[in-house]
Amino acid sequence: MTTLDHADAARTGARPGPRGAVAAAPKGRKSTGRRLSVRSRWELALLLTPALVLFVLFVLVSIAAAVYYSFFDWNGFGPPTKLVGFANYTKALADPMFQGAVRHNLQFAALSVVVQLPLTLGLALLLNGRLRGRAVLRLIAFTPYVLSEAITAVAWLVMLQPGGAVDEGLRSVGLDGLVHEWLADQDLVLYTLFVVATWKYIGFGVILFLAGLQGVPAELREAAALDGATQWQTTRKVVLPLLGPTIRIWIFLSVIGSLQLFELVWIMTLGGPAGSSATMATYVIDRGFRRYQFGYGSAVAVLLFAVCFVFALLYQRFALRRDTAGALSGRVD
């Protein structure tokens, strides 16, 4: 080490290192790291504060207000004064209309998993293959999801009216026996709404599964083909297991969406006829805003939130746990 290096080290407060290198002083390094850490924390706080304020105001405060009002017999005018405790909750749980609404939500969720999942997954596998015009077909599949729920509901409401496009289409191909009052038949209306919801949301599932399929290594498919596996065996033994995390995410989103279903049902049927298509969300709006039972409606809204929250916790605990653990450890089963 030269004399000039020693002089520079003495001037800057650093200690000399091997081969003429000048190492920074430990004290200065700790001070610089502390300043960077404090700066990073301030930057993080500055970026998160607006979102956190909005979340507190529009989510947490709203939930707290709903819980508060649910303990009152309140019509929405003036401050709530008639405290009834848990009477609104017991009344809702004992109401056959609310029980029917819960049953309809569960039916939607079950149909989504049993019907929508195979249909969406099959369409995604088809569009992931080598097809002529594949980009156009993907666009066609995704287009209904871009439409708003209001536009979708109004369009299908017109087509499903007696003598509408659906009935005329069936008559034109000689299927007159399949013509029904799609939205007026109590035994058929829920399944009709499910078909509309499937048409609306299938594009989202297709895009989600296509994104998951891009993560399946082509080498594994080629290796399976070299071992003599058929296309179906490769899909069942290789592709679907690797697509497991994506499938579980889709199931979670589909069930939560089924439990919160509102726009399509409200615009097309208002929960009718005779409550045969009512959901928990339409029940809340009907009791709260149409009948001015805001205390009772708040109690039902809290029950809806509790159902979704409990399902999310249980699903996270038993279904998504290995996916999140795999994300932390670098592997996913």
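Predicted model, so just to flag it, every value in this text is computed and none were measured. (Residues numbered from 1 in each chain as written. Predicted model: local features only at pLDDT ≥ 70, side-chain atom pairs only at ≥ 80, totals over all residues. Heavy atoms only, no water.)

Caption draft 1: Structural context of a nonpolar patch on the surface. A grouping of Leu52, Val53, Leu54, Phe55, Val56, Leu57, Phe58, Val59, Leu60 and Val61 is seen on the molecular surface, where their side chains present a nonpolar patch of about 890 Å² in accessible area. Among the secondary structure elements, Leu54 is positioned in helix H2 (residues 26-69). (Patch = residues over 30% accessible without salt bridge, like charges linked within 9 Å, V, L, I, M, F, W, Y side chains within 5 Å. Areas by Shrake-Rupley, 256 points an atom, 1.4 Å probe, with all protein chains shown as cover. Salt bridge = Lys/Arg side-chain N within 4 Å of Asp/Glu carboxyl O. Helix = DSSP H or I, 4+ residues; strand = E, 2+ residues; numbered from the N terminus.)

Caption draft 2: Looking closely at the pattern of salt bridges. In total, this model carries 6 salt bridges according to the counting rule given. Arg287 is the salt-bridge partner of Asp95, the closest N and O atoms lying 3.7 Å from each other. Pair noted here: Asp95 is in the loop between helix H3 (87-94) and helix H4 (96-128) and Arg287 is in helix H13 (residues 280-290), with a separation of 192 residues, a long-range link. On the basis of relative accessibility, which here comes to 16%, the residue Asp95 falls in the buried class. Within the structure, one salt-bridge network assembled from shared partners comprises Asp95, Asp286, Arg287, Arg290 and Arg291. (Buried < 20%, exposed > 50% of the residue type's maximum accessible area, 1.4 Å probe, protein only.)

Caption draft 3: Expanded view of the side chain of Ser112. Mapped onto the secondary structure, Ser112 falls in helix H4. For Ser112, a relative accessible area of 2% translates into the label buried. In contact with Ser112, not counting residues within four places along its chain, are Leu117, Phe194, Trp250, Ser254 and Ser258. (Contact = heavy atoms within 4.5 Å.)

Caption draft 4: Representation of H13. The buried fraction of H13 is high, at 8 of 11 residues. Every buried residue belonging to H13 is among Met280, Ala281, Thr282, Tyr283, Val284, Asp286, Arg287 and Gly288, and all of these are buried. Buried residues along H13 sit in contact with H4, helix H11 (244-259), helix H12 (263-268) and helix H14 (294-318). Looking at the residues trailing H13, positive phi occurs at Tyr292, about 55°.

Caption draft 5: Structural detail: unusual backbone geometry. Of the consecutive residues Gly272 and Pro273, the connecting peptide bond is found in the cis state with omega at -5°. Among the secondary structure elements, Pro273 is positioned in the loop between H12 and H13. Non-glycine residue Ala274 carries a positive phi angle of around 55°. Within the element layout of this structure, Ala274 appears in the loop between H12 and H13. According to the relative accessible area criterion, Ala274 is exposed, its value standing at 67%. A positive phi angle, near 55°, is found at Tyr292, a position not held by glycine. Judged by its relative accessible area of 45%, Tyr292 is partly exposed.

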